Amino acid sequence: MLDHKNRILGLALVLIATTVSEAQVVSPSEIKDPRLRSLQVQYNDELTEVGRDLLATKFDYPFYMSATLDLDQSQQQRASQRSIRFDHYDDRTVLAITGNYFAAYSEDKMNGESRARNSFLKVVLPILKAAVPRFQSIQDVQGYAVEISHHVRGSALGVAVEQPENLMVFLRQTDAIRLVASPDSEVQQSALLNGKAFLNGVPISIWLNAEVRHQQSPSPKPAPVTVSTVEDSSHFAPSNSSGAQRDISRPSLDKLQTSKQDVVIKLVKDLDSQAHFVPYAPPGFVVFRQGIYLELSLKTSLPPSAAGSRYKVAAIAFDEHIARLLRPVAAYLDDESDFDGISFSTTVTVGDRTGNEETSEAVEFFFPLSLLRCYQKYDCTGQQLIDGGAVLVNGERVSLDLQAAERS
């Protein structure tokens, strides 16, 4: 009898937890866009799991998911907490989450950058850690947009006042994966800098480590390297041979994008049939390990025979797809000195033998221009190019031995 009651109590608790977590997810009927509404229905279970994880997360101060920002806590307790939904941002389909964080920062003790960093680390990052692993392999989701409100205490005309302040962070899928999965702090930081952040609508850069932020310039100095022989290509470094500091600020990246736009447009037009560029993620310049890379987003489809470990999938994707693009892409980028390399960012899908299901991996290859030149001239092998660059699989940097991986 007691066991029966315990089972009933357990089922009741599960039902309550599920109902509460579903209350964090926007109802499909509230979404006007037909495509977004369809996604809201299709991925309702995953959205509910994100809500459940966030309800179980211990925040330093009360945090409520909310459809409306800038509420006080008494208003929030009566307001709708449905905020997990699909939306559009920067012409991408994103998973969007909004909420109110009832921390009140002292304006005298913390500047805007410090407040943004603290709310990012305490709230936005846990949200991303709950959401990204569940959606990183879903091609319909191209990024994440999180907006939260916190409070700032100050004074006006000698009178103490407390006002809301809003932090909004947008990350593309590849950068979000790097941020939450990589154990490398530099990879995490570069992923965050590739995104967009706004404090009360004003663009801001968020630095994960305050000490590093103040100890180094926001324009880190890449290590100069010149590759002229195979022996020289055994290490990874940006190719800025002048040794000058590289400006990695968002305005600098936007300026670079504008200056290279004509070349990039021609590259995409000419090579699309063999590259399979992703139309919703046009080429753009990103920061990676203190260097600037032109990121090309691709789709790679492999047959069932390629199924296996993530290393095998990455190795075959390189040999069968990426390697065939290296020399054609390099031909469009003669004598470049204002950026450091090319990133081939691809979603690799592998069909199963029944033809009904596919598995996917997010694989990124970062190659310095100096090494690409070496490969272009047939002075370096593909393995040497990989050894001298960087490979990330689902956000984690890996070592990749092509022959060993393909035999696995």
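Residues numbered from 1 in each chain as written. Predicted model: local features only at pLDDT ≥ 70, side-chain atom pairs only at ≥ 80, totals over all residues. Heavy atoms only, no water.

Caption draft 1: Representation of the pairing of strand β5 (residues 159-172) within the structure. Here strand β4 (residues 143-156) runs beside β5; their pairing, made up of 14 bridges, is antiparallel. Across the sheet, A156 pairs through a bridge with V159, a residue of β5. Here β4 folds back onto β5, and the loop between the two strands holds two residues, one of which, L157, carries a positive phi near 55 degrees. (Pairing = 2+ DSSP bridges. Helix = DSSP H or I, 4+ residues; strand = E, 2+ residues; numbered from the N terminus.)

Caption draft 2: Quick peek at the state of the cysteines. Summed over all chains, the structure comprises one disulfide. The side chain of C374 participates in a disulfide bridge whose partner is C380; the two sulfur atoms lie 1.7 Å from each other. Around the S-S axis, the bridge from C374 to C380 shows a dihedral of about 85 degrees and counts as right-handed. (Disulfide = S-S within 2.5 Å.)

Caption draft 3: Spatial organisation of the pattern of salt bridges. Taken as a whole and judged by the stated rule, the model has 19 salt bridges. Among the salt bridges present, the one from K196 reaches D90, with a minimum N-O distance of 2.7 Å. Taken together, the residues K196 in strand β6 (residues 196-199) and D90 in the loop between β2 (85-89) and β3 (92-106) connect sequence positions 106 residues apart. Salt bridges sharing partners connect three or more residues here, namely R172, D175, R178, E295 and E364. (Salt bridge = Lys/Arg side-chain N within 4 Å of Asp/Glu carboxyl O.)

Caption draft 4: Looking closely at the packing of helix α3 (residues 44-56) against helix α5 (residues 112-135). Taken N-terminus to C-terminus, the directions of α3 and α5 make an angle of 155 degrees; their axes are 9 Å apart at the nearest point. Between α3 and α5, the angle falls in the class roughly antiparallel. Considering only the axes of α3 and α5, their crossing is right-handed. Taken together, the residues of α5 that come into contact with α3 (itself represented by E46, L47, E49, V50, D53 and L54) are P126, I127, A130, A131, R134 and F135. Classifying every residue of the contact of α3 with α5 by side-chain character gives eight nonpolar, no polar and four charged. (Axes fitted to C-alpha atoms, helices over the stretch in contact; angles between N-to-C directions. Parallel < 35°, antiparallel > 145°, perpendicular 65-115°, else oblique. Left-handed = near helix turned anticlockwise from the far one by under 90°. Contact = heavy atoms within 4.5 Å. Nonpolar A, V, L, I, M, F, W, Y, C, P; charged D, E, K, R; others polar.)

Caption draft 5: Representation of the side chain of R178 within the structure. Inspection of the secondary structure puts R178 in helix α6 (residues 173-181). The class for R178 is buried, based on a relative accessible area of 0%. A polar side-chain atom of R178 sits 3.1 Å from a polar atom in the side chain of E295. Apart from the residues lying within four places of it in its own chain, the contact partners of R178 are V187, Q188, A191, N194, V287, E295, E364, F366, L392 and G395. (Buried < 20%, exposed > 50% of the residue type's maximum accessible area, 1.4 Å probe, protein only. Polar contact = N/O pair within 3.5 Å; in protein donor to acceptor, adjacent residues only side chain to side chain.)

Caption draft 6: Examining the nonpolar core more closely. In this structure, F344 and F367 are the most contacted members of the largest nonpolar core, which totals 52 residues. Considering each element in turn, this core owes the most residues, eleven residues, to helix α10 (residues 310-330). With sequence-adjacent residues up to four places away left out, F344 is seen in contact with L296, L298, I322, L325, L326, V329, V363, E364, F365 and F367. (Core = buried A, V, L, I, M, F, W, Y, C linked by side-chain atoms within 4.5 Å.)

Caption draft 7: Here's a closer look at empty space enclosed by the protein. Enumeration according to the criterion identifies one cavity of 30 Å³ or more in this entry. For the largest cavity, the calculated volume is near 30 Å³. Looking at the lining of the largest cavity, the elements that each hand over two or more residues are β3, α5 and β4. A total of three residues in the lining of the largest cavity trace back to one element, the largest contributor, which is α5. Per-class residue counts for the lining of the largest cavity are seven nonpolar, no polar and no charged. (1 Å grid on protein atoms, 1.4 Å probe; cavity = no way out; pocket = protein on both sides within 12 Å on 5 of 7 lines; lining within 4 Å. Points joined across faces, edges and corners; volume = space filled by probe spheres on them.)

Caption draft 8: Fine view of the environment of E107. Along the chain, the position of E107 falls in the loop between β3 and α5. Distance from E107 to R153, taken between C-alpha atoms, is 5.7 Å for residues 46 residues apart in sequence. Setting aside anything within four residues of it in sequence, one finds E107 in contact with R115, V152, R153, G154 and S155.

Caption draft 9: Fine view of helix α7 (residues 185-194). Burial runs high along α7: seven of the ten residues are buried. Buried within α7 are the following residues: V187, Q189, S190, A191, L192, L193 and N194. A distance of 2.8 Å separates the backbone nitrogen of E186 from a side-chain oxygen at the start of α7, and that oxygen is part of D184.

Caption draft 10: Structural view of the side chain of K312. Mapped onto the elements, K312 comes out in helix α10. It turns out K312 is buried and unbridged, and the closest side chain with the opposite charge, E406, is 8.5 Å from it. Here the side chain of K312 touches A307 through a polar contact of 3.3 Å, landing on its backbone oxygen. (Lys, Arg positive; Asp, Glu negative; His and termini not counted.)

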